[in-house]
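Chain residues, written in single-letter form:
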Amino acid sequence: MSKPERTLWQGSLENGDTLIVTQNFGRIMSGSSTVHEWAWVNYASGSWNGEEGTFIAAAITDDVDDLRLQFNRESDLSIGLVLSDRIESSIVHQETALVGDASWVRVFVRRNPDGTMFTQSLGFDIDNVNPAYLQAVVLELEATVREAVGLPTA
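**Remarks on the packing of aromatic side chains**
- Under the definition given, this model contains four aromatic pairs.
- Taking the centre distance of 6.1 Å and the plane angle of 80 degrees together, the rings of Trp9 and Phe71 count as edge-to-face. With Trp9 in strand S1 (residues 7-12) and Phe71 in the loop between strand S7 (67-70) and helix H1 (78-89), this residue pair connects regions lying 62 residues apart in the sequence.
- Aromatic pair Trp104 and Phe124: ring centres 5.5 Å apart, planes at 20 degrees, arrangement stacked. With Trp104 in strand S9 (residues 104-111) and Phe124 in strand S10 (residues 117-124), the pair connects residues that are 20 residues apart, well separated along the chain.
- Grouped by ring-pair contacts, the aromatic residues Trp9, Trp48 and Phe71 constitute a single cluster.
- Directly above the aromatic system of Trp104 lies the positively charged group of Arg106, at a separation of 4.9 Å from the ring centroid.

In structure tokens:
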């Protein structure tokens, strides 16, 4: 982290490491050492499984691994809400379009921890969609979300 942020939630993972949640970052600590740190803007969504005590978040880019946090099964379900909220709060605006029977794309405007905004796109089941059509839809969605938040569209 570039500057200290207020801790929004702190608790133990199943292995005894500590999870620290701030507005823009998550951090796993083992003693006084950082094991792993990430920005919430790297994830598209997350889900809590209370029966297993797991929170899993899908990475939005190939260079970032999906996030899997294992808590004790007795963990308060509020942690799932806190983590999902952190991911969602980095999304400023989003638009989704169907590009096939069960295929869709979503384009986000996200806010970096430093306050700058950028766009990301995510596709689901798009392997059989015409690439030229897919690119046109993504570009149209990107122009729409950028215009909606006052970012340049060209």
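**A few points about the environment of His93**
- Along the chain, His93 turns up in strand S8 (residues 91-98).
- Using a relative accessible area of 25% as the deciding quantity, one classes His93 as partly exposed.
- Expressed as a C-alpha distance, the spacing of His93 and Leu19, which sit 74 residues apart in the sequence, is 28 Å.
- Polar contacts involving the side chain of His93 include one to the side chain of Glu95, which spans 3.0 Å.

**Side note on the nonpolar core**
- In this structure, Leu19, Trp38, Tyr43, Leu69, Phe71 and Leu83 are the most contacted members of the largest nonpolar core, which totals 17 residues.
- Setting aside anything within four residues of it in sequence, one finds Trp38 in contact with Leu19, Asn24, Phe25, Gly26, Arg27, Ile28, Tyr43, Leu67 and Leu69.
- Ala97, Val138, Val145 and Leu151 belong to the second largest nonpolar core, which has twelve residues in total.

**Some points on the side chain of Gln120**
- By secondary structure assignment, the location of Gln120 is in strand S10.
- On the basis of relative accessibility, which here comes to 11%, the residue Gln120 falls in the buried class.
- Within the structure, the side chain of Gln120 is placed 2.9 Å from the side chain of Arg110, a separation counted as a polar contact.
- The residues contacting Gln120, other than those within four sequence positions of it, are Val41, Ile60, Arg106, Val107, Phe108 and Arg110.

**A look at the sheet that holds strand S2 (residues 18-22)**
- Here four strands make up an open sheet; going across it, the order is S1-S2-S3-S4 and the pairing antiparallel. The sheet is open, and its two borders are formed by S1 and strand S4 (33-39), each paired with just one other strand. When strand polarity is set aside, the average angle formed by the axes of neighbouring strands in this sheet is 15 degrees.
- In this structure, S2 lies alongside strand S3 (residues 25-30), joined through four bridges in antiparallel fashion. Residue pairing across strands places Val21 opposite Gly26, the latter belonging to S3.
- Packed onto the sheet, H1 meets S1 and S2 and runs at close to 45 degrees relative to S2.

**Concerning the pairing of S1**
- In this sheet, S2 lies alongside S1 in antiparallel orientation, the contact comprising five bridges. Of the residues in S2, the one forming a bridge with Trp9 is Val21.
- Count of turn residues in the S1/S2 antiparallel hairpin: five residues, of which Gly16 carries a positive phi of about 95 degrees.

So, how was this worked out
- Residues numbered from 1 in each chain as written.
- Predicted model: local features only at pLDDT ≥ 70, side-chain atom pairs only at ≥ 80, totals over all residues.
- Heavy atoms only, no water.
- Phe/Tyr/Trp six-rings, centres within 6.5 Å; stacked < 30°, edge-to-face > 60°.
- Helix = DSSP H or I, 4+ residues; strand = E, 2+ residues; numbered from the N terminus.
- Lys NZ or Arg CZ within 6 Å of the ring centre and 35° of its normal.
- Buried < 20%, exposed > 50% of the residue type's maximum accessible area, 1.4 Å probe, protein only.
- Polar contact = N/O pair within 3.5 Å; in protein donor to acceptor, adjacent residues only side chain to side chain.
- Core = buried A, V, L, I, M, F, W, Y, C linked by side-chain atoms within 4.5 Å.
- Contact = heavy atoms within 4.5 Å.
- Pairing = 2+ DSSP bridges.
- Axes fitted to C-alpha atoms, helices over the stretch in contact; angles between N-to-C directions.

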